Structure formats: C-alpha cells, structure tokens
Amino acid sequence: MIDIHSHVVWGLDDGASSVEDSLIMLRTAAEDGITDIVATPHSNAQYRFQPGLLHGRMEELAAHSKGKPVIHHGCEFQVTSDNIGQLLDAPFTYTIDAGPYLLLEFSGFHIGKHTESILRQLLDAGIVPIVAHPERNPILLRDLDRLASWIELGCLAQVTALSITGGFGSPPRSAAFRLLDRGLVHVVATDAHDPQHRPPVLSGAYNAIRARFDDESADLLFTDNPHGIIHGRPLPGGKLVVAGQPKKRWWPF
C-alpha cells in the first residue's frame, strides 16, 4: 500500500513533534504494509511551507529507517484567492515529488466563489489537484454536487483511512461511504499526524473497502492509483467506477 498524505516529518506543522515520533510513525507504516509514504506538511496561514527543511529531515529519517517505507515529498496546500499566484509561480515546489499531482486542502468555513476558476488554472498549468479529506469538510458535504463538478473538471479526491474505520466518529464515516458510493473517491490515505491518535495505518480501511466492495476496488484506492500519483502517471479522470456493487449498507441514515 502507498500513503500519499501524511505529516510524518517532525517540527514542520501540527504533525510529528520530534524525530522520535517520526521514526515511530515510519516503523508503524512499514509494519502495516505501507511501502511508500508522502510527507505533506501544511502550507497555510498558520504554517509556512519550508521545502529545504523538509528535504533535509526526509534524508535524515531515511537514513535512520533504512528507506522503509520510502519517503516522498509533497505539501498539503490550503488554496485561497490570495495565494494562487504564489502557487502558479512555482507549482512543482508543492506537488508530490515535483510531479503533476498537488494535495489541496479547503477551509471548512468558507470556499470562495472563484474556486472553480482556480482549479481550472491549475489544470491548465498541468497540475492535477487532489482534494484532501472532503468527508471531513462540512461545506463540501452540504454540496456534494460541487465536489462532483470538480472531479468532472479533472480533479481527484482523497478520503482518510481513519474516517472509513470510524476513528473520527459516525458523521465522517457515513460521509466517506456516501462519497465512495457516488464514485467520488480516487485514493485513501492516512493523513497521519502522530504515533498514538492518528498513526499511519491503512490496513483497517483497506479491509473495510474489500468487505464492502471487492479486492480490485481496494487495490485501486490503496495501491494502484497512489502508485500512479507518486510516479506522476496519468490517472483516469471523472467519477471512479468501482469493480463491484456495495455488498451491504453499514452506515446510519
């Protein structure tokens, strides 16, 4: 399995707080069957993205962990109308391994009316936005058709493993499966922040997807699509058609 969203590198944001925590998280990921993990520290009003420091600490962690899992660089960029120019001036500073894929976070309080224009600008520049954890964004969940329209434009969507397994409570779990059933999820990632409460673990969510859909769908979300993302390969756009129909409904409505 491959994890495209984590805060595993210490001291850059609200993720790992020490090198020891980072190493515990990497060991946890490797033991869970994660072969590759993308470090995606925040870039927002609270945290300044520091690519040089990120790369230096990634090298230090790789030396200590012997490359298991392999660490890739990225960023969780909170896009606004104010910083789109900064992003377009140097997009590959923020993308996953300087490829075409960019993890985007949206505010849970306001998503501007110019967002669609921003997404089109990114796509026209060859950057494929991956919408981070929409199942935890109350604005997007009130208007799933808006998220669907972004996906029709060419964006991808990433749901959090802990949402699927219920670690964030019933509402995000229910929302995650609503998105999955509508074909609005292309990848599942950990969004890991620490060793205890939000560790880099994918296996529980993988098994839940296997139980609800089938092995092929689980492999697509946890291995095949993430593999394409870290290697910069094109993925099919639009809504994702899973291989099998849901076997049962196990969320409350």
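In what follows, the structure referred to is the one given above.
For every chain, the first residue of its written sequence is number 1, and the numbers climb from 1 along that sequence. The predicted nature of this model means local features are confined to residues of pLDDT at least 70 and side-chain atom pairs, given and counted, to a pLDDT of 80 or more, with totals for whole chains, interfaces and linings taken over all residues. The basis for every side-chain value is the complete set of heavy atoms in the structure, and neither hydrogens nor water enter the calculation.

A. A look at the overall build of the protein chain. A tally of regular secondary structure across the protein chain gives 10 helices and nine strands. For the radius of gyration, the atoms used are the C-alpha atoms, and the globule rule reads 2.2 Å times the number of residues raised to 0.38. A compact globule built from 253 residues should have a C-alpha radius of gyration of about 18 Å, and the protein chain, at 17 Å, falls within 12% of that. The dimensions of the protein chain, computed from C-alpha atoms along their principal axes, are 45 × 40 × 30 Å. A 1.4 Å probe rolled over the protein chains alone gives each residue an accessible area, and that area as a share of the maximum for its type sets the label: buried under 20%, exposed over 50%, partly exposed in between. Counting all 253 residues of the protein chain, 54% fall into the buried class. Whether two residues are in contact is decided by their heavy atoms, any of which lying within 4.5 Å being enough. Of the contacts made within the protein chain by residues no fewer than 6 positions apart, 78% connect residues no fewer than 24 positions apart. Throughout, the Shrake-Rupley method with a 1.4 Å probe supplies accessible areas, and for residues the shown protein chains are the sole cover considered. Taken as a whole, the protein chain presents about 10800 Å² of accessible surface, with 51% of it coming from carbon and sulfur. Between the mean site of the 21 positive side-chain charges and the mean site of the 29 negative ones, the protein chain shows a separation of 6 Å. What counts as a helix is a DSSP run of H or I of at least four residues, what counts as a strand is a run of E of at least two, and both are numbered from the N terminus. Positive charges come from Lys and Arg, negative ones from Asp and Glu, while His and the chain ends are left out of the count. Where a charge lies is defined by one atom per residue type: Lys uses NZ, Arg uses CZ, Asp uses CG and Glu uses CD.

B. Looking closely at the packing of aromatic side chains. Pairing of aromatic rings covers Phe, Tyr and the six-membered ring of Trp, with a centre-to-centre limit of 6.5 Å; geometry is then stacked below 30 degrees between planes, edge-to-face above 60, and tilted otherwise. Counted according to the given criterion, the structure contains four aromatic pairs. Each ring is checked for a lysine NZ or an arginine CZ that lies within 6 Å of its centre and within 35 degrees of its normal; such an atom marks a charge sitting over the ring. Looking at R136, its charged tip hangs above the ring of F168, at a distance of 4.5 Å from the centre.

C. Examining the sheet that holds strand β4 (residues 70–73) more closely. A pair of strands counts as paired when DSSP detects no fewer than two bridges linking them. With parallel pairing, the three strands of this open sheet are ordered in space as β1-β2-β4. With partners counted over all chains shown, the strands left at the sheet margins are β1 (2–6) and β4, one partner each. Direction aside, the axes of adjacent strands within the sheet are offset by 25 degrees on average. Strand direction decides the pairing type here: strand β2 (residues 36–39) and β4, joined by four bridges, are parallel. Within β4, the residue paired with V38 across the bridge is H72. In this analysis, axes come from line fits to C-alpha atoms, helices being fitted only over the stretch in contact, and the angle between any two N-to-C directions falls in the range 0 to 180 degrees.

D. Structural context of the pattern of salt bridges. Salt bridges are counted wherever a side-chain nitrogen of Lys or Arg sits within 4 Å of a carboxyl oxygen of Asp or Glu. Within the structure shown, the criterion is met by six salt bridges. Its salt-bridge partner being R212, residue D181 comes within 2.7 Å of it at the nearest N-O pair. Taken as a pair, D181 in helix α8 (residues 170–181) and R212 in helix α9 (residues 203–212) lie far apart in primary sequence, 31 residues in all. Assessed through its relative accessible area of 33%, D181 is described here as partly exposed. Put simply, R136, D191 and R198 are held in one network by salt bridges that share partners.

E. Representation of the packing of α9 against helix α10 (residues 215–230) in the model. With their axes 7 Å apart at the nearest point, α9 and α10 run at an angle of 145 degrees to one another. Between α9 and α10 lies a crossing of right-handed hand. Each of A205, Y206, I209 and R210 in α9 lies in contact with α10, whose residues at this interface are D215, S217, A218, D219, L221 and F222. Throughout this entry, Asp, Glu, Lys and Arg are counted as charged residues, while Ala, Val, Leu, Ile, Met, Phe, Trp, Tyr, Cys and Pro are counted as nonpolar. The remaining residues, Gly among them, count as polar. Within the contact of α9 with α10, the residues separate by chemical class into six nonpolar, one polar and three charged. Less than a right angle of anticlockwise turn of the near helix away from the far helix marks a crossing as left-handed, whereas a clockwise turn marks it as right-handed.

F. A look at unusual backbone geometry. For the bond running from K68 to P69, omega is -5 degrees, close enough to zero to count as cis. Among the secondary structure elements, P69 is positioned in the loop between α2 (51–65) and β4. Of note, K66 is a non-glycine position whose phi angle comes to about 55 degrees, a positive value. Here K66 shows up in the loop between α2 and β4. Overall, K66 belongs to the exposed group, its relative accessible area being 74%. Phi at D191 is positive, roughly 50 degrees, even though this residue is not glycine.

G. Broad picture of the pairing of strand β8 (residues 156–160). The buried fraction of β8 amounts to five of the five residues, a majority that puts the element mostly inside the structure. Burial along β8 is two-sided: L156, Q158 and T160 and A157 and V159, pointing in opposite directions, are all buried. Of the pairings in the sheet, the one linking strand β7 (residues 128–132) to β8 comprises three bridges and is parallel in character. Within the sheet, the bridge partner assigned to V131 lies in β8 and is A157. Relative to strand β9 (residues 187–189), β8 is paired through three bridges, and the arrangement is parallel. Residue pairing across strands places T160 opposite A189, the latter belonging to β9.

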